[in-house]
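# Structural overview
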Amino acid sequence: QVQLVESGGGLVQAGGSLRLSCAASRSILSFDTMGWYRQTPGNKRELVARLFRGGITNYADSVKGRFTISRDNAKNTVYLQMNSLKPEDTAVYYCNAEFILSDYWGQGTQVTVSS
């Protein structure tokens, strides 16, 4: 069973930065993709950023130029560096890992951006 453990969420003022971490229980290179999603009450979970095994990344338009997804293979950890945060970035952020037809999720970490 794969475990993904997120950390790094919290409360920050608009314009500030946070870095989220997602530690996996096995090699992150065993997954086809790893990504970050976010969800607000009453809304669907949406993709924020995704990192493919080969290194290609893609981002939601709303975070391009502000957020960066990266990984540390030795630590089996994926990061989401979030800069220039806005109140509309407030959400629960979830780490995701995909392998063929399997989909794994972390428990989520709350990010709150005050205006």
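Higher on the page you've got the structure.
Residues numbered from 1 in each chain as written. Predicted model: local features only at pLDDT ≥ 70, side-chain atom pairs only at ≥ 80, totals over all residues. Heavy atoms only, no water.

## Comments concerning the pairing of strand S3 (residues 18–24)
Of all 7 residues in S3, 5 are buried; the element is thus mostly enclosed. Relative to S3, strand S1 (residues 4–7) is paired through 4 bridges, and the arrangement is antiparallel. Paired with leucine 4 across the strands is alanine 24, a residue of S3. Here S3 runs beside strand S8 (residues 77–82); their pairing, made up of 6 bridges, is antiparallel. From the neighbouring strand, arginine 19 faces S8, where its bridge partner is glutamine 81. (Buried < 20%, exposed > 50% of the residue type's maximum accessible area, 1.4 Å probe, protein only. Helix = DSSP H or I, 4+ residues; strand = E, 2+ residues; numbered from the N terminus. Pairing = 2+ DSSP bridges.)

## Some remarks on the sheet that holds strand S7 (residues 67–72)
Backbone hydrogen bonds are what pair the strands of a sheet, in a parallel or an antiparallel way. With respect to topology, 4 strands assemble into an open sheet ordered S1-S3-S8-S7, the strand pairing being antiparallel. Because the sheet does not close on itself, it has two edges, and the strands there are S1 and S7. Strand-to-strand, the axes of this sheet are offset by a mean angle of 15°, without reference to chain direction. (Axes fitted to C-alpha atoms, helices over the stretch in contact; angles between N-to-C directions.)

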